[in-house]
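Summary of the model geometry
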Amino acid sequence: MNALLEQKKADALEHERLLEKFGKLKTALLGEREKAGLAEDRANHAEALAGKGCYNNEKTQVLHLNKNPLALAIREKHASELASLNDVICVLRAGGGGGEDVAIEKKKDIDAQKYHQRLKESFREQISLFREAIYLLTGVCKYVCV
């Protein structure tokens, strides 16, 4: 009987020790979860600031490139195009027949504008026919019926 009583006391002590250990682990886990949540909030805030282009003037250094490689490449491209167009102008002026070529180009441009205008009118007619058909089929004038 004494052995059973001793066993029961030992089990109760072990149970108390395990409950205490479980409580400590639970509080540690909750603390870590809270820290992880705060760290995630800080990371989201930092990401939002970085996305807005926000920076700290005291810690951030800005490097200004006097010779920006991209700008130089664009300038070179435009310079080469400009040079080739100037050459074309010189050839047209020197050739004497350049006036005829310019007149032909203007006529082509006018023809293209007329074609574009005709297409616009044709599309306008087709759209009005479509709207009218929708109105006749459904009885609903969803589009502006003109």
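Residues numbered from 1 in each chain as written. Predicted model: local features only at pLDDT ≥ 70, side-chain atom pairs only at ≥ 80, totals over all residues. Heavy atoms only, no water.

1. Section: the overall build of the chain
Note the following rule: Helix and strand assignments follow DSSP, with helices taken as H or I runs no shorter than four residues and strands as E runs no shorter than two, numbered in order from the N terminus. In this scheme, a residue with accessible area under 20% of its type's maximum is buried, one over 50% is exposed, and one in between is partly exposed, where area comes from a 1.4 Å probe on protein chains only. For the area figures, the Shrake-Rupley method with a 1.4 Å probe applies, and any residue is considered shielded solely by the protein chains shown.
In terms of helices and strands, the chain carries 3 helices and 0 strands. Helices and strands in the chain line up, N terminus first, as α-α-α. Among the 146 residues that make up the chain, the fraction classed as buried is 1%. For the chain, the accessible surface area stands at approximately 14,000 Å², while carbon and sulfur atoms represent 60% of it.

2. Concerning the confidence of the model for the chain
Threshold: What pLDDT expresses is the predictor's confidence in each residue, scored from 0 to 100.
Scored by pLDDT, the chain has a mean of 81; 85% of the residues are at 70 or more. Per-residue pLDDT, averaged within each element of the chain, yields its smallest value for helix 3 (residues 98-138) (81) and its largest for helix 1 (residues 2-52) (88).

3. A few points about the pattern of salt bridges
Applied cut-off: The salt bridge criterion pairs a side-chain nitrogen of Lys or Arg with a carboxyl oxygen of Asp or Glu, the two atoms within 4 Å.
The final tally for this structure, using the stated rule, is 3 salt bridges. Measuring nitrogen to oxygen at the nearest pair gives 3.6 Å for the salt bridge that ties glutamate 20 to lysine 24. With a gap of 4 residues between them, glutamate 20 and lysine 24 both fall in helix 1, about one helical turn apart. Accessibility expressed as a relative area gives 55% for lysine 24, which makes it exposed. A salt bridge links glutamate 32 to lysine 35; the shortest N-O distance between them is 3.8 Å. With glutamate 32 and lysine 35 both in helix 1, this residue pair falls 3 residues apart, about one helical turn.

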